[in-house]
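Observations on the three-dimensional arrangement
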Amino acid sequence: MTLTGHQVRTAWADLVCSLVESGTMTPQWATAFREVDRARFLPAVVWPYDMATRTSTRSDRNADPDGWYGHADANVPVTTQWDDGRHEGPGPGRVPTSSASAPSVVAAMLRDLDVRDGLRVLEIGTGTGWNAGLLTRRLGDGQVTSVEVDPAVAATAATALHETGLSPELVVADGLPGHPAGAPYDRVIATMAVRAVPYAWVRQTVPTGVVVTPWGTHYSPADAVARLVVAGDHSRAEGRFTRPVEFMKARTHRLARTAHAQYVPGGDVAAAAESVTGTDLAATDLGHPFGFVAGLFVGHDCVSATDRRGADLSFWLYGITDRSWAAAVLHDGRRTSTVYQGGPRRLWDGIETAHTWWAGTGRPDITRFGLTVTPDGQTTWLDTPHRPLPVPQAAADGD
């Protein structure tokens, strides 16, 4: 049977039940998820993302409604815009710039937000409008303000929310400065990742209020959700990372990468650099959680790139402020490789230092790390704010 319109679908109901049973979603959110159907907020053409293969495929509701609804009801992220709306053609674009996150991620972040009746929420990044719709269904129209930087994305979300009978306050603007006209808020949640938490969000949140945002470094897409509690005197916001994620970055927090040829003219790695043999890293070490930890050590001034072919992983590091670089082919299960480094800094040494520290500290996972944000910057730490990581820290921006 072909599904049409907004029919109640077994797959969506089953997914909601599974999220509650697993503890990912609190029971208080179940009604909102059942009534605010993700499919209502998705355009006719979307690109579901496969985390295993790291590829996006086109799904067209008009051409294949059953397949489209299957993706809408699945626990997968779905890209809804490429290249800030400039993308044309049937295939994926270059950079995904708007999406609907996987339902499990949405449910988990809303659980972190810890909303209750009567609280006011500021959402940064309206996107499809689905997350704003869930919040509005739970708290009421007058309790939710959502800010979206892209006018076309905001207009589509407004239509979907109106058709669903929900009316949060929608603002078309850059969300990094927050929305001071409606402050203070009890909760702030971002639906895109930032490299540094704008202190404007902290100032616009009530004392002991909560800020939930994906956060990451330049190093890789290995982000984590930060749950920060605002101090009573607004001197800081502080808390732990709750789970690994990968999110699109705020537009002004994206990194424009220099072309590879500018780092290695001619492409002859062996001729251009010295080699280091016997690295203690295998290809399998580079994912979560170490991929996130490595970013804490070197992500302030270094970006990585990988290309997997079977059991081999080509791994590159590029300096952000200079033309330093490092390259290696790492192997699953084997901890020997030749590393090539060039430029004024030895970038690979930073990765080795991070791995040695991480292994020597008991290989802590992401939930043992935390973030402190002050007007002067941000600091990452392990287990307690009194144990900051021995690495340079990036300054806060977007205030």
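So, here's what we can say about the structure. (Residues numbered from 1 in each chain as written. Predicted model: local features only at pLDDT ≥ 70, side-chain atom pairs only at ≥ 80, totals over all residues. Heavy atoms only, no water.)

1. A word on the environment of aspartate 14
Within the element layout of this structure, aspartate 14 appears in helix 1 (residues 10-22). Residues aspartate 14 and glycine 362 lie 348 residues apart in sequence; the distance between their C-alpha atoms is 38 Å. (Helix = DSSP H or I, 4+ residues; strand = E, 2+ residues; numbered from the N terminus.)

2. Digging into the pattern of salt bridges
Under the defined criterion, the tally for this structure stands at 17 salt bridges. Between glutamate 246 and arginine 54 there is a salt bridge whose closest N-O contact spans 2.7 Å. Placement of the pair is glutamate 246 in the loop between strand 12 (237-245) and helix 8 (269-272) and arginine 54 in the loop between strand 1 (45-50) and strand 2 (55-56), with a sequence separation of 192 residues. Where aspartate 349 meets arginine 346, a salt bridge forms, and the shortest distance between an N and an O atom there is 2.9 Å. Residue aspartate 349 is classed as partly exposed on the basis of its relative accessible area of 31%. Residues joined by salt bridges that share partners form a network here, namely Asp84, Asp150, Arg251 and Arg254. (Salt bridge = Lys/Arg side-chain N within 4 Å of Asp/Glu carboxyl O. Buried < 20%, exposed > 50% of the residue type's maximum accessible area, 1.4 Å probe, protein only.)

3. Here we look at helix 1
With 13 residues, helix 1 should reach 18 Å at 1.5 Å per residue; the first-to-last C-alpha distance of 18 Å fits that figure. Residues Trp12, Leu15, Val16 and Leu19 constitute the buried set of helix 1. Mapping the buried residues of helix 1 onto a view down its axis gives an arc of 100°, with all of them on the same face. Looking at helix 1, the residues exposed on the side facing more than 90 degrees away from the buried face are Thr10 and Glu21. Turning to helix 1, the residues buried within the fold contact helix 2 (30-35), helix 3 (65-72), helix 4 (103-113) and helix 5 (130-139). (Expected span 1.5 Å × (residues − 1). Arc of directions from axis to C-beta. Contact = heavy atoms within 4.5 Å.)

4. Describing the environment of aspartate 114
Counting through the fold element by element, aspartate 114 comes out in the loop between helix 4 and strand 6 (121-124). For aspartate 114 and valine 202, which are 88 residues apart along the polypeptide, the C-alpha to C-alpha distance reads 17 Å. Not counting residues up to four positions away in its chain, the partners in contact with aspartate 114 are Leu119, Arg187 and Arg227. A distance of 3.4 Å separates a polar atom in the side chain of aspartate 114 from a polar atom in the side chain of arginine 116. (Polar contact = N/O pair within 3.5 Å; in protein donor to acceptor, adjacent residues only side chain to side chain.)

5. Quick look at the packing of helix 4 against helix 5
Where helix 4 meets helix 5, the axes come as close as 12 Å, and the angle between the chain directions of the two elements is 45°. With respect to each other, helix 4 and helix 5 are oriented oblique. The two elements helix 4 and helix 5 cross, and the hand of that crossing is right-handed. Touching Pro103, Val106, Leu110 and Leu113 of helix 4 are Trp130, Asn131, Leu134 and Leu135, all from helix 5. Counted by class, the contact of helix 4 with helix 5 contains 7 nonpolar, 1 polar and no charged residues. (Axes fitted to C-alpha atoms, helices over the stretch in contact; angles between N-to-C directions. Parallel < 35°, antiparallel > 145°, perpendicular 65-115°, else oblique. Left-handed = near helix turned anticlockwise from the far one by under 90°. Nonpolar A, V, L, I, M, F, W, Y, C, P; charged D, E, K, R; others polar.)

6. Focus on the nonpolar core
Counting residues in each nonpolar core, the largest one holds 53 residues, and the members touching the most others are Trp201, Trp215, Phe241, Phe290, Leu317 and Trp348. Excluding anything up to four places from it in sequence, phenylalanine 241 contacts Trp215, Ala224, Val225, Ala226, Phe292, Ile366, Thr367, Phe369, Gly370 and Leu371. With 35 residues, the next largest nonpolar core counts Phe41, Leu110, Val144 and Val225 among its residues. (Core = buried A, V, L, I, M, F, W, Y, C linked by side-chain atoms within 4.5 Å.)

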